[in-house]
Amino acid sequence: MILVTGATGTIGSELLRQLAARGEKARALTRDPTAARVPAGVEVVRGDYHEPASVEAAMSGVSALFAVGVLGPGDADADAALVAAARAAGVRRVVKLSSIGTGDPALGNWHLGGEQAVQASELEWTVLRPSSFASNTLSWAEAIHSGNPVSNMTGAGTQGVIDPRDVSEVAAEALLAPGHTGRTYTLTGPELLTTSDQAAALAEVLGRPVATVDVPPDALREQFIEAGMSETYAEGVLAGTAYVRRGGNAVLTEDVRQVLGREPRTYAEWARDHKEAFARD
């Protein structure tokens, strides 16, 4: 049995689809099982990081764990608690979803404690550090529907934008196959892209222009706070955007190809497959 935390999120939900397609036994951990939409055959259980007993119960009979414990700066201890519960339950393998650049002092390092916890756990561990998700541009849909420019928060900074499906597929391999223990994979797409590059690729798919507008850090901070972010969370996100602007995330690796035996999907492929999300009503 494989326990998937973050089961309704971008990576967790796709991972469940892939595990179910392979015929693997999977259990989805969610705070609201009644709202979860999972593939047939996947078990759904309630669990809340703030209620340790619920997480411990979900670990019963589990052999491998997909750990998504950090949702923001206030959740820094969640990964360590997940790992402790996994060890106590006799789980053998853990795959930790982290983030590219973890450990760099220029970033918030919300995931660093979780990486350290799995590395010290004596379990068979693998850490995944994906770059920026292609799916982040789904946040542009409303602006595109309205014919407005999309926000460029990272200027001319480039990133190895990755299709979340590739991250989930690597996670499945690390959970199921030998040879990944003790490895930290930095997962990127095949090309470095700016926000404007992504907008251009999306425009090509949609057959109409997608303009961008640069949003300076001070304006971003105001937007984040108005949207309800805490100061700590907002500062962490701003540190990440500044890191990209400076070229810190201009990184490409061969890790997806090495694990999956094929090249990662391009942003254009992702855009074609998700065209309907941006189509006008």
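Preceding this paragraph is the structure being described.
Scope of this entry: the structure provided in the associated data block. This structure is a prediction, so every number in the text was calculated from the model and none was measured.

**Concerning the environment of L107**
On the secondary structure map, L107 appears in the loop between β5 (93–97) and α4 (112–119). Along the chain, L107 and A268 lie 161 residues apart, while their C-alpha atoms are 28 Å from each other. Once residues lying within four places of it in the same chain are set aside, the contact partners of L107 are I100, G101, A239, G240 and Y243.

**Details of the packing of aromatic side chains**
Evaluation of the coordinates by the stated rule reveals two aromatic pairs. Seen in terms of ring centroids, Y267 and W270 are 5.6 Å apart; in terms of plane orientation they differ by 25°. Their pairing is stacked. Linking Y267 with W270, this pair stays in helix α11 (residues 267–273), spanning three residues, or about one helical turn. The class of Y267 is buried, set by a relative accessible area of 2%. For W270, a relative accessible area of 1% translates into the label buried. Seen in terms of ring centroids, W270 and F278 are 6.1 Å apart; in terms of plane orientation they differ by 75°. Their pairing is edge-to-face. Note on accessibility: W270 and F278 belong to one class, buried. An aromatic cluster of three or more residues is present, and its members are Y267, W270 and F278.

**Remarks on the pairing of strand β4 (residues 64–67)**
Regular strands have side chains that alternate between both faces of the sheet. What you see with β4 is no split at all: A64 and F66 on one side and L65 and A67 on the other are buried throughout. Here three bridges tie strand β1 (residues 2–4) to β4, and the two strands are oriented parallel to one another. By the bridge assignment, V4 is partnered in β4 with F66. Taken together, the four bridges between β4 and β5 define a ladder with parallel strand orientation. Each residue of the ladder has a partner; that of A67, found in β5, is K96.

**Overview of the sheet that holds β5**
A sheet is described by the order of its strands in space; here seven strands give the open sequence β3-β2-β1-β4-β5-β6-β8, paired in parallel fashion. Single-partner strands in this sheet number two, and they are β3 (43–46) and β8 (183–187). In this sheet, neighbouring strand axes are inclined to one another by 20° on average, regardless of whether the strands run parallel or antiparallel. In this sheet, β3 lies alongside strand β2 (residues 26–30) in parallel orientation, the contact comprising four bridges. Residue T30 lies in a different strand from β3, and its bridge partner there is R46. Sheet strands touched by helix α6 (residues 164–176): β1, β4, β5, β6 (124–130) and β8. Its angle to β5, the strand with the most contacts, is close to 160°.

**Focus: the nonpolar core**
As a rule of thumb, soluble globular proteins bury nonpolar side chains together. Core analysis: the largest hydrophobic core is formed by 29 residues, its most contacted members being V4, L15, F66, L128 and L187. Mapped by element, the contributors of at least two residues to this core are β1, α1 (10–21), β2, β4, β5, α6, β8 and α10 (255–260). The greatest single-element share of this core, amounting to six residues, is contributed by α6. Apart from the residues within four sequence positions on either side, L15 is in contact with V4, F66, S168, A171, A172 and L175. Counting 21 residues, the second-largest nonpolar core is a separate cluster that includes L29, A85, A86 and V118.

**Quick word on the pattern of salt bridges**
Within the structure shown, the criterion is met by 18 salt bridges. Note that E169 is salt-bridged to R262, the shortest N-O span being 2.9 Å. Of this pair, E169 sits in helix α6 while R262 sits in the loop between α10 and α11, and the two are 93 residues apart along the sequence. In this structure R262 comes out as partly exposed when scored by relative accessible area, which is 26%. In this structure, R257 engages E254 in a salt bridge whose closest nitrogen and oxygen atoms are separated by 2.5 Å. Overall, R257 belongs to the partly exposed group, its relative accessible area being 34%. Taking relative accessible area as the criterion, E254 reaches 39% and is therefore assigned partly exposed. Connected via shared salt-bridge partners are D166, E169, R262 and R265.

**As for the environment of S63**
Note on placement: S63 falls in the loop between α2 (52–58) and β4. Measuring from C-alpha to C-alpha, the distance between S63 and L3 comes to 8.0 Å, with 60 residues separating the pair along the chain. For S63, the residues in contact, after removing those within four places along its chain, are M1, V91, R92 and R93.

Reading the values: the criteria
- Sequence order as written defines the numbering, with residues in each chain counted from 1.
- Where totals are concerned, whole chains, interfaces and linings use all residues; where local detail is concerned, this predicted model gives features only for residues with pLDDT of at least 70, and gives and counts side-chain atom pairs only at 80 or more.
- Computation of side-chain values: all heavy atoms of the structure, hydrogens and water removed.
- Every helix listed is a DSSP run of H or I at least four residues long, and every strand listed is a run of E at least two residues long, numbered separately from the N terminus.
- In this description, contact between two residues means that some pair of their heavy atoms is separated by no more than 4.5 Å.
- By convention, a stacked pair of Phe, Tyr or Trp rings (six-membered ring in the case of Trp) has centres within 6.5 Å and planes under 30 degrees apart, an edge-to-face pair has planes over 60 apart, and any other such pair is tilted.
- For the exposure calls, accessible area comes from a 1.4 Å probe over protein chains only, and a residue counts as buried if that area is under 20% of its type's maximum, exposed if over 50%, partly exposed in between.
- When DSSP finds two or more bridges between a pair of strands, those strands are recorded as paired.
- Axis angles are defined between N-to-C directions and span 0 to 180 degrees, where every axis is a line fitted to C-alpha atoms and, for a helix, only to the segment in contact.
- Among buried residues, the Ala, Val, Leu, Ile, Met, Phe, Trp, Tyr and Cys ones that are joined through side-chain atoms within 4.5 Å form a nonpolar core.
- Salt bridges, as used here, are contacts in which a Lys or Arg side-chain nitrogen is within 4 Å of a carboxyl oxygen on Asp or Glu.

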